[in-house]
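Residue-level structure breakdown
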Amino acid sequence: MRATLIIAILSVISIGFSGAAHASDQALIHASEKGDIETVTNLLLAGNDVNQVGKDGFSALIKASWQGHTEVVKLLLVANADASQVIRGGISALIAASLQGDPEIVKLLLVANGEVNHANLDGVSALIAASAEGHPKIVTLLLAANAEVNQANSVGRSALMAASGQGHSEIVKLLLSANADVNKVSHDGMSALIKASEDGYTEIVKLLLSADANVNHATSEGLSALMAAAARDYTEIVNLLLVADANVNQMTADGISSLGVASQAGHIKTVEFLLAANVNVNQAGSDGISALVVASYFGHTEIVKLLLAANADVHQVIDDGSTALTVATENGHVDIVKLLSTHQP
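What counts and how
- Each chain carries its own residue numbering, running from 1 in the direction its sequence is written.
- At least 70 in pLDDT is required for a residue's local features to be given in this predicted model, at least 80 for side-chain atom pairs to be given and counted, and no such filter applies to totals for whole chains, interfaces and linings, which use all residues.
- Note that water and hydrogens are dropped before the side-chain values are worked out from all heavy atoms of the structure.
- Only DSSP runs of H or I with at least four residues qualify as helices, and only runs of E with at least two residues qualify as strands; both kinds are numbered from the N terminus onward.
- With C-alpha atoms as the basis for the radius of gyration, the globule rule is written as 2.2 Å multiplied by the number of residues raised to the power 0.38.
- Note on exposure labels: buried denotes an accessible area under 20% of the residue type's maximum, exposed denotes more than 50%, and partly exposed covers the range between, all computed with a 1.4 Å probe on protein chains only.
- Working rule for contacts: check all heavy atoms of both residues, and any pair within 4.5 Å makes them a contact.
- Method for areas: the Shrake-Rupley scheme with a 1.4 Å probe, in which residue coverage is limited to the protein chains shown.
- Here Asp and Glu are counted as negative and Lys and Arg as positive; His is not counted, and neither are the chain ends.
- One atom stands in for each charge, and that atom is NZ of Lys, CZ of Arg, CG of Asp or CD of Glu.
- As defined here, a cavity is a set of points on a 1 Å grid over the protein atoms alone where a 1.4 Å probe fits but cannot get out. A pocket is an open set with protein on both sides within 12 Å along at least five of seven lines, and residues line them when an atom is within 4 Å of a point.
- Grid points are joined across faces, edges and corners, and a volume is the space filled by probe spheres set on the points.
- The nonpolar class holds Ala, Val, Leu, Ile, Met, Phe, Trp, Tyr, Cys and Pro. Asp, Glu, Lys and Arg form the charged class, and all remaining residues, Gly among them, are polar.
- Note on aromatic contacts: the rings of Phe and Tyr and the six-membered ring of Trp form a pair at centre separations within 6.5 Å, being stacked when their planes are under 30 degrees apart, edge-to-face when over 60 apart, and tilted otherwise.
- The criterion is that NZ of a Lys, or CZ of an Arg, lies within 6 Å of the ring centre and within 35 degrees of the ring normal, and then a charge sits over that ring.
- We define a salt bridge as a side-chain nitrogen of Lys or Arg found within 4 Å of a carboxyl oxygen belonging to Asp or Glu.
- Arc definition: directions from the helix axis to the C-beta atoms.
- What goes into a patch is any residue over 30% in relative accessible area without a salt bridge, connected to like charges within 9 Å or, for nonpolar side chains (Val, Leu, Ile, Met, Phe, Trp, Tyr), within 5 Å.
- Counting of polar contacts relies on pairs of N or O atoms within 3.5 Å, with two restrictions inside protein: one atom must be capable of donating a hydrogen and the other of accepting it, and residues adjacent in sequence are counted only when both atoms are side-chain atoms.
- Fitting a line to C-alpha atoms yields each axis, with helices limited to the stretch in contact; the angle taken between N-to-C directions then spans 0 to 180 degrees.
- These descriptions rest on fixed angle ranges, namely under 35 degrees for roughly parallel, over 145 for roughly antiparallel, 65 to 115 for roughly perpendicular, and the rest for oblique.
- Here a crossing is called left-handed whenever its near helix is offset anticlockwise from the far helix by less than a right angle, and right-handed whenever the offset is clockwise.

1. Points about the overall build of the protein
The number of helices and strands found in the protein is 21 helices and zero strands. Relative to the globule expectation of 20 Å for 345 residues, the C-alpha radius of gyration of the protein, 29 Å, shows a markedly less compact shape. Overall, the C-alpha framework of the protein stretches about 95 × 35 × 30 Å when taken along its three principal axes. Evaluated residue by residue, the protein yields a buried proportion of 48% over its 345 residues. Of the contacts formed within the protein by residues at least 6 apart in sequence, a portion of 73% connects residues at least 24 apart. Put simply, the protein shows about 15,200 Å² of open surface, and 50% of that area lies on carbon and sulfur atoms. Computing the positive centroid from 17 side-chain charges and the negative centroid from 34, the protein places the two 7 Å apart.

2. Topic: the environment of Ser 169
Positionally, Ser 169 belongs in helix α11 (residues 169-177). For the pair formed by Ser 169 and Ile 204, sequence separation is 35 residues and the distance between their alpha carbons is 5.6 Å. Ser 169 has contacts with Ile 204 and Leu 207, leaving out every residue within four places of it along the chain.

3. Comments concerning the environment of Gly 57
Along the polypeptide, Gly 57 turns up in the loop between α3 (37-45) and α4 (60-67). Through-space distance from the C-alpha of Gly 57 to that of Val 86 is 9.8 Å; in sequence the pair is 29 residues apart. If we skip the residues at most four places from it in the chain, Gly 57 touches Ile 87 and Arg 88.

4. What to know about the layout of surface pockets
Here the largest pocket defines a volume of roughly 370 Å³. Together, 24 residues line the largest pocket, and Gln 264, Asp 287, Ile 289, Ser 290 and Val 294 are the ones closest to its centre. Among the elements of the structure, α16 (258-265) and α18 (291-298) are those that each provide at least two residues to the lining of the largest pocket. If you tally residues by element for the lining of the largest pocket, the top one is α18, at five residues. Across the lining of the largest pocket, the residue classes break down as 13 nonpolar, eight polar and three charged. By volume, the second largest pocket amounts to about 210 Å³. What lines the second largest pocket is a set of 13 residues, among which Thr 219, Glu 221, Leu 223, Met 227 and Thr 252 lie closest to the centre.

5. What about the packing of aromatic side chains?
Tallied over the full model, the rule gives two aromatic pairs. Aromatic side chains Phe 58 and Trp 66 sit 6.4 Å apart centroid to centroid with 70° between the ring planes, which places their arrangement in the edge-to-face category. On the basis of relative accessible area, Phe 58 is assigned to the buried category, the value being 16%. Sitting over the ring of Phe 273, Lys 269 keeps its end group 5.8 Å from the ring centre.

6. Description of the pattern of salt bridges
One pass over the full model with this rule turns up ten salt bridges. Linking Glu 71 and Lys 74 is a salt bridge whose minimum nitrogen-to-oxygen distance equals 3.2 Å. Taken together, the residues span about one helical turn, with Glu 71 and Lys 74 both in helix α5 (residues 70-78) at a distance of three residues. On the basis of relative accessible area, Glu 71 is assigned to the partly exposed category, the value being 29%. Between Glu 198 and Lys 195 there is a salt bridge whose closest N-O contact spans 3.5 Å. Of this pair, Glu 198 and Lys 195 are both found in helix α12 (residues 192-199), three residues apart, which corresponds to roughly one turn of the helix.

7. What about helix α15 (residues 235-243)?
All of the buried residues in α15 are Ile 237, Val 238, Leu 241 and Leu 242. The arc that holds every buried residue of α15, seen down its axis, measures 135°, which confines them to one face. Next to the buried residues of α15 lie α12, α13 (202-210), α14 (225-232) and α17 (268-276). One or two positions beyond α15, positive phi appears at Asp 245, with a value near 70°.

8. Quick word on a negative patch on the surface
Residues Asp 287, Asp 319, Asp 320 and Glu 330 make up a contiguous surface patch of negative charge. Here Asp 320 lies in the loop between α19 (301-309) and α20 (324-330).

9. Some words on the side chain of Ser 258
Structurally, Ser 258 can be placed in helix α16. Residue Ser 258 is classed as buried on the basis of its relative accessible area, which comes to 1%. Polar side-chain contacts of Ser 258 include one of 3.4 Å to the backbone nitrogen of Met 227. Sequence-distant contacts of Ser 258, that is, excluding residues within four places in its chain, are made with Leu 226, Met 227, Ala 230, Gln 250 and Leu 274.

10. Quick word on unusual backbone geometry
Even without a glycine there, the phi angle at Asn 179 is positive, about 70°. Look at Asp 245: it is not a glycine, yet its phi comes out positive at around 70°. Residue position: Asp 245 is located in the loop between α15 and α16.

11. Digging into the packing of α4 against helix α6 (residues 93-100)
For the pair α4 and α6, interaxial distance at closest approach is 7 Å and the crossing angle is 10°. One element, α4, and the other, α6, form an angle in the roughly parallel class. In terms of crossing hand, the pair formed by α4 and α6 is right-handed. Seen from α4, the contacting residues are Leu 61, Ile 62, Ser 65, Trp 66 and Gln 67; seen from α6, they are Ala 93, Ala 96, Ala 97, Leu 99 and Gln 100.

Rendered as structure tokens:
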């Protein structure tokens, strides 16, 4: 039955059937969005303009691709729908299908010469879209069609960064196998490794480190992968980064260190890892605040004990003249006051 319909549509096209009224073309777009094959077929046979753009800026092909209506997409392409048509916001049918996640539609569009590296106004290509949304089959199809693996969006983020930040390890493997630049960074200096570390994706961190990701790269604000993992208490990632020779004493432009953020948040295990890696326990930020002062201020008794055992300087003075004992006293942390008052180096 479907073959008969396709032959009929081809016959109409071959005799140059003229375009129908604008209202009918809107009906074609609406029917395509709904997946109404019978109505789409009848409207195409009636000569509706298959590439007409609707009031909302979308065409029938893009609507059908977005909604995952494979059979409608086939009919529209047989009727010479333009697979490379770009409309509102720079969206193409291929980008829509890559976001939606239907590999069959992506195949159809690629065969119909959908431009694989076209990007929307935000710089998002089909590959970036599929990578961010977690569609490995589509990523495979796009790479096979020579999608540019290192293409980046308007803020400089690539498909690898998108997949790494969303936890899509299978896609990360595919992209790395296709020679994705593991050390490519966005305009703000974000890397795939920092993003994966920040969001706690251990398997992806392993993959990126195995691909020689720069373990000490930092964003424009000085955030490193180790700091990002330490701040969230992702201890397994912290350990992986330390084994990969992450700089345990690296600091942000504001003087924030991995030990400082872990001590502030009360992350005991992370502090233990950092101390075992010979972190400078008395390292202080631009305002002179050390990890001991931070832990004392926030009342993290167990961390204060760890820092003191690692020979933290209990007498270290910050810029305003305060010490760990001062801030602990001011905030009513009695147990910490006792520890600091009785500590003998």
